[in-house]
Amino acid sequence: MSRSLLLALLSLACAVPTALDRAAAQAPEVTGWKAATPTMDSRYGDPGAAAAQPLPGGAPAAAPITPTPMAANEPITHAQVSRGTNQLPNDHGQVWREYDISPYTIRLESSAHPEQLIVDWILRETGFETWHSTPVGLLSADRTTLRVYHTPQMQAVVADIVDRFVSTKAQNHGFGLRILTLKNPNWRTRAIPLMTPIPVQSPGVQAWIMAREDAAVMLAEMRSRTDFREHTTAHQMVLNGQTSIVSTMRPRTYSKGIIANQTTWPGFQPELGQIDEGFSLEFSPLLSTDAATTDAVVKLKLSQIEKMIPVQLEVPSVAAANQKAQIDVPQVTAVQLHERFRWPTDHVLLLSIGVVATPGPEKANPLTDMLPLPKSAPRADALLLVESSGTVNQPLPSVAGTPGVTPLAVPMTARQTTPTFHGRY
């Protein structure tokens, strides 16, 4: 090949890339593709993975959305605070009153804060929102004095509650509690004519009142049944103005999960859980100043584990590749009641929670326990019987020589003309 021919071929090879570059610069951009600098895709960690993929329908790729950072010098907003007028507002005629509650609190020397029971009843009667909205109000108590700042109408309500606590007529009045269960609710067949129903707001709960004589007849007939059981002692007593808690709750542990632990064999350990099973009853009675009617708040919590559902989990380890472990998922039945009741003191209150889980373990039956039969969680009609026991012989503490404590006397307070309470609590 001649020297001139070789030079011609070299010049042609250098000219071809230059022509291709000019053609690419003049060609229109292909729709549906985005030429961008390769970036890190946050979903896959692949540089340029998002930019290199065509979008369906030829739509251009959207830029990733990033949050706008807050400026370093942007101030933080604070609420405006002022010193006020250094006076309690009385736009609605609020007045300040101090009530002597020592005649009640002196009876509860063993309690750390007996004044809290009075505060709780005031909140039940007036409503929580009354003290946290307009008009401005204040409610505070220590062991000897209850301080209230509110309208005269609200002061009358508070005065009635305080009088019911400090009244010497009802200071040793007691109430007997009985928790009963019957597997068959057909006890109503003979008892319904003896009872008068009263309204209840909790679904599934029924309440009646009856005369003491009728209650004694009904209880005697119940005790003759084979499915009858009493879960409290016959002398379960609650004093007026106090709160009593009866509980049969007992913990039950189960394996709710596993925790990996390669330092011990077999490479894991069970994670234990605990469920309280049984019932808890909280009863708070309060007599009226003339002891003719009784208000009571009943809180009941009842739970029962029907069965444990087993679940197998795969837990491979170095020693066993196909290793499995079993955990349990509890199937629980729970009932809760929080209601306020009012009835004549000379009558008996009867509550039926309905056919629910039994409050306690069933009596052993040697015949059925030996048979390999499927057993379901026990159910029964749970009943609560409340009866006024009158004055309980209980010695009162002496206040002679006690500093800061006045003799037992009812303080002078305004009276409430019409009884009223807000809600069922």
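Predicted model, so just to flag it, every value in this text is computed and none were measured.

1. Comments concerning helix 6 (residues 212–223)
Okay, so step 1: In a regular helix each residue adds 1.5 Å, so twelve residues correspond to 16 Å; helix 6 covers 17 Å between its end C-alpha atoms and thus fits that length.
Okay, so step 2: Those residues of helix 6 that sit buried are A215, M218, L219 and M222. Burial along helix 6 is one-sided: seen end-on, the buried residues are contained in an arc of 100°.
Okay, so step 3: If you follow the buried residues of helix 6, they end up packed against strand 4 (173–182), helix 5 (188–191), strand 6 (206–211), strand 7 (228–230), strand 14 (347–357) and strand 15 (379–391).

2. Points about the environment of A319
Okay, so step 1: In this fold, A319 is placed in the loop between strand 12 (293–314) and strand 13 (324–344).
Okay, so step 2: On the accessibility criterion, A319 (62% relative accessible area) is exposed.
Okay, so step 3: Separated by 52 residues in the primary sequence, A319 and G267 place their C-alpha atoms 8.4 Å from one another.

3. Considering the packing of aromatic side chains
Okay, so step 1: In total, this model carries three aromatic pairs according to the counting rule given.
Okay, so step 2: When the ring of W96 is compared with that of Y149, the centres are 6.3 Å apart and the planes differ by 45°; the resulting orientation is tilted. Of this pair, W96 sits in strand 1 (residues 95–100) while Y149 is found in strand 3 (residues 145–150), placing the two residues 53 residues apart along the sequence.
Okay, so step 3: Overall, the relative accessible area of 37% leaves W96 in the partly exposed class.
Okay, so step 4: Look at W187 and W208: their rings are 5.8 Å apart centre to centre, the planes differ by 85°, and that puts the pair in the edge-to-face class. Taken together, the residues span a long stretch of sequence, with W187 in the loop between strand 4 and helix 5 and W208 in strand 6 at a distance of 21 residues.

4. Concerning the nonpolar core
Okay, so step 1: Formed by 31 residues in total, the largest nonpolar core has its most connected members in L281, F283, V298, F341, W343, L349 and V386.
Okay, so step 2: Elements supplying a minimum of two residues to this core: strand 4, strand 6, strand 11 (268–287), strand 12, strand 13, strand 14 and strand 15.
Okay, so step 3: In terms of residue count, strand 14 provides more of this core than any other element does, five residues in total.

5. Details of the confidence of the model for the chain
Okay, so step 1: Put simply, the chain has an average pLDDT of 79, and 71% of its residues get 70 or more.
Okay, so step 2: Predicted confidence for residues 55–59 stays below pLDDT 50, and this span has seven contacts to residues more than four positions away or in other chains.
Okay, so step 3: Residue range residues 395–425 is modelled with pLDDT below 50. Its contacts to residues more than four positions away, or to other chains, number 59 contacts.

6. Topic: the sheet that holds strand 1
Okay, so step 1: Across the sheet, which stays open at both edges, the three strands sit in the order 1-3-2 with antiparallel pairing between neighbours. Both outer strands of the open sheet, strand 1 and strand 2 (138–141), are each paired with one neighbouring strand and no more. Geometrically, the sheet is characterised by an average inter-axis angle of 10° between neighbouring strands, direction not taken into account.
Okay, so step 2: Where strand 2 lies against strand 3, four bridges are found, and the strand directions are antiparallel. Each bridged residue has a counterpart across the sheet, and for S140 the counterpart in strand 3 is R147.
Okay, so step 3: Along the sheet, helix 3 (residues 115–126) makes contact with strand 2 and strand 3, crossing strand 2 at roughly 155°.

7. Concerning helix 4 (residues 152–166)
Because each turn of an α-helix spans 3.6 residues, side chains separated by three or four positions in sequence point in the same direction.
Okay, so step 1: With 15 residues, helix 4 should cover 21 Å at 1.5 Å per step; its first-to-last C-alpha distance of 21 Å lies within 8% of that length.
Okay, so step 2: Counting buried positions along helix 4 yields 13 of 15 residues, so the element is predominantly enclosed.

8. Some thoughts on the pattern of salt bridges
Between side chains of opposite charge, a pair can form when the charged atoms approach closely.
Okay, so step 1: All told, the structure shown has 15 salt bridges when counted by the stated rule.
Okay, so step 2: In this structure, the salt-bridge partner of R340 is E125, at a minimum N-O distance of 2.8 Å. Pair noted here: R340 is in strand 13 and E125 is in helix 3, with a separation of 215 residues, a long-range link.
Okay, so step 3: Ionic pairing is found between R340 and D295, a salt bridge with its closest N-O pair at 3.2 Å. Linking R340 in strand 13 with D295 in strand 12, this pair joins segments that are 45 residues apart in sequence.
Okay, so step 4: Through salt bridges with shared partners, one network takes in E125, R164, D295, R340 and R342.

9. Section: the side chain of T105
Okay, so step 1: Inspection of the secondary structure puts T105 in helix 2 (residues 102–105).
Okay, so step 2: Here R143 takes part through its backbone oxygen, which lies 2.7 Å from a polar atom of the side chain of T105.
Okay, so step 3: Not counting residues within four places of it along the chain, the set of residues in contact with T105 comprises P114, E115 and R143.

10. Looking at the side chain of S288
Okay, so step 1: Its location among the elements puts S288 in the loop between strand 11 and strand 12.
Okay, so step 2: The exposure class assigned to S288 is buried, which follows from its relative accessible area of 12%.
Okay, so step 3: A distance of 2.6 Å separates polar atoms of two side chains, one belonging to S288 and the other to D290.
Okay, so step 4: With sequence-adjacent residues up to four places away left out, S288 is seen in contact with R164 and T293.

11. As for the packing of helix 3 against helix 4
Okay, so step 1: Close contact between helix 3 and helix 4 brings their axes to 10 Å; oriented N to C, the two are set at 135°. Taken together, the axis directions place helix 3 and helix 4 in an arrangement best described as oblique. Where helix 3 crosses over helix 4, the two elements pack in a sense that is right-handed. Between helix 3, through L117, I118, W121, I122, E125 and T126, and helix 4, the contact on the second element is made entirely by M154, V157, V158, I161, V162 and F165.
Okay, so step 2: A per-class count over the contact of helix 3 with helix 4 returns ten nonpolar, one polar and one charged.

What counts as what
- Residues numbered from 1 in each chain as written.
- Predicted model: local features only at pLDDT ≥ 70, side-chain atom pairs only at ≥ 80, totals over all residues.
- Heavy atoms only, no water.
- Helix = DSSP H or I, 4+ residues; strand = E, 2+ residues; numbered from the N terminus.
- Expected span 1.5 Å × (residues − 1).
- Buried < 20%, exposed > 50% of the residue type's maximum accessible area, 1.4 Å probe, protein only.
- Arc of directions from axis to C-beta.
- Contact = heavy atoms within 4.5 Å.
- Phe/Tyr/Trp six-rings, centres within 6.5 Å; stacked < 30°, edge-to-face > 60°.
- Core = buried A, V, L, I, M, F, W, Y, C linked by side-chain atoms within 4.5 Å.
- pLDDT = per-residue confidence, 0-100.
- Pairing = 2+ DSSP bridges.
- Axes fitted to C-alpha atoms, helices over the stretch in contact; angles between N-to-C directions.
- Salt bridge = Lys/Arg side-chain N within 4 Å of Asp/Glu carboxyl O.
- Polar contact = N/O pair within 3.5 Å; in protein donor to acceptor, adjacent residues only side chain to side chain.
- Parallel < 35°, antiparallel > 145°, perpendicular 65-115°, else oblique.
- Left-handed = near helix turned anticlockwise from the far one by under 90°.
- Nonpolar A, V, L, I, M, F, W, Y, C, P; charged D, E, K, R; others polar.

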